[in-house]
Amino acid sequence: MRQSHQLPLVGLLLFSLIPSQLCEICEVSEENYIRLKPLLNTMNQSKYTRGTSSSANVLLSLQLVGIQNQNLKQKLIQQIKYTVKTRLSQVSSGELALIILALGACRNPAENLIYDYHLIDKLENKFQAEIENMEAHNGNPLTNYYQLSLDVLALCLFNGTYSTTKVVNYFTPENKNYYFGSQFSVDTGAMAVLALTCVKRSLINGQVKTDESNLKNISIYIKSLVEKILSEKKENGLIGNTFSTGEAMQALFVSSDYYHENDWNCQQTLNTVLTEISQGAFSIPIAAAQVLPALMGKTFLDVNKNSSCVSAAGNFSNSTHEPVTVTTPGSQSSISVNYSVTINETYSANVTVPNGSVFLDVMEKAQKMNDTIFGFTMEESSWGPYITSVQGLWASNNDRTYWELLSGGIPLSQGVGSYVVHDGENLEVRWSKY
């Protein structure tokens, strides 16, 4: 535990010059709660879905919003407890941080698991391993900066031990880990804003000891990251893409003193997200869970183990039904796409698949046609399957390499298991660096 200390007068003067970060929040009105039902139905599917991140994200979302679905919550807690008891060493740092946030989001018996299994101590060790890997491998963490931000956020909220100086050294806004190639990652930046805001508040409140330059730098970092997030705002109000918008909203909620009122129309973003929900955009439990808190005016900084797990919003979940599988009418005829693998050169083939197929179906069909050229491996995740290798060439965190999915030369925001392909489309899997 870190000792509290009284701030020197010069420190107090410095703090007075830094934005207070009062929240500027818009949220779904009570009469529009019905429009969130698809999210709740999707989240209800998480009890049938494997994946620690999915279970923890859904539980955290339910706890933050105050939804009273005890049956689902208990199933999620049991899934998380099983992971903690049997495979905690295999859990990544960010997954463990999510587990801590979910179990301790509000006052409930499940939070005892955090202390019974010494989860905060274990997160401190996993976070230190991330730092050591960055020091040994040119600044590359074992996982990614989204997970590192979750680590810092959980350690900050639950009084874990971390080095403020290390945070300042590694979370500079120009760090390569915020980017995929030249593209700024909105959800990574947003999670960093939440983590840095928590650290900043701890410094201001005197809970953490540091020198004044660290506090000043953290404030500068938040401002710069917020500017980068806002620069990714689309004309329709989405920020980054559909799936990063919820976390971007959370970041902007807690940093409203770092931008002007006319820099972001929160209500426009909210309305566009509601439209996306009606069109079935958030069809994966983890995607639904990540967007719901912001729509209800909540952020991960609202995690408070002393608060109640009940809110007025809890009532609107009472009539949620079990998910129903809907078969879309239409032709079952085949379609033809052009599929390419690009490494140093491009290998292409025309692939025929049933109408309604996803990107993964195309890759599997191509692999059957020519395993040498189109052979690949994949792993399951909470977001669905992702590609780990093609032609025996493996993605690597240390080398910052991955397999990028594109259509018509444009990167896709959906995964290989969810993007539905179209007749005549030019699909590509490209060996890329980020």
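Residues numbered from 1 in each chain as written. Predicted model: local features only at pLDDT ≥ 70, side-chain atom pairs only at ≥ 80, totals over all residues. Heavy atoms only, no water.

Under an unreviewed UniProt entry, the protein has the name Transcobalamin 1 and belongs to Mandrillus leucophaeus. UniProt annotates the protein under Subcellular location (unreviewed entry) with the comment "Secreted". Taken directly from UniProt, the Sequence similarities (unreviewed entry) text for the protein runs: "Belongs to the eukaryotic cobalamin transport proteins family." (UniProt positions renumbered as here; feature names shortened; annotations may be inferred.)

A. Structural context of the pairing of strand β6 (residues 386-390). Counting buried residues in β6 gives 4 out of 5 residues, a clear majority hidden from the surface. Bridge analysis of strand β5 (residues 376-379) against β6 gives 4 bridges, and the strand direction is antiparallel. Across the sheet, the residue bridging to Phe 376 is Val 390, located in β6. Across 2 bridges, β6 lies against strand β7 (residues 393-394) in antiparallel orientation. The residue of β7 that forms the bridge with Val 390 is Leu 393. Between β6 and β7, which pair antiparallel and follow one another directly, the connecting turn spans 2 residues, one of which, Gln 391, has a positive phi of 55°. (Buried < 20%, exposed > 50% of the residue type's maximum accessible area, 1.4 Å probe, protein only. Helix = DSSP H or I, 4+ residues; strand = E, 2+ residues; numbered from the N terminus. Pairing = 2+ DSSP bridges.)

B. Seen up close, the packing of helix α8 (residues 145-157) against helix α10 (residues 186-204). Running from N to C, α8 and α10 cross one another at 25°; their axes reach a closest spacing of 8 Å. As summarised for this structure, α8 and α10 are arranged roughly parallel, according to the angle between their axes. For α8 against α10, the interelement crossing comes out left-handed. Contact with α8, carried on its side by Tyr 145, Tyr 146, Ser 149, Leu 150, Val 152, Leu 153, Cys 156 and Leu 157, involves Asp 187, Thr 188, Met 191, Ala 192, Leu 194, Ala 195, Cys 198, Val 199 and Ser 202 of α10 and no other residues of that element. Across the contact of α8 with α10, the residue classes tally to 13 nonpolar, 3 polar and 1 charged. (Axes fitted to C-alpha atoms, helices over the stretch in contact; angles between N-to-C directions. Parallel < 35°, antiparallel > 145°, perpendicular 65-115°, else oblique. Left-handed = near helix turned anticlockwise from the far one by under 90°. Contact = heavy atoms within 4.5 Å. Nonpolar A, V, L, I, M, F, W, Y, C, P; charged D, E, K, R; others polar.)

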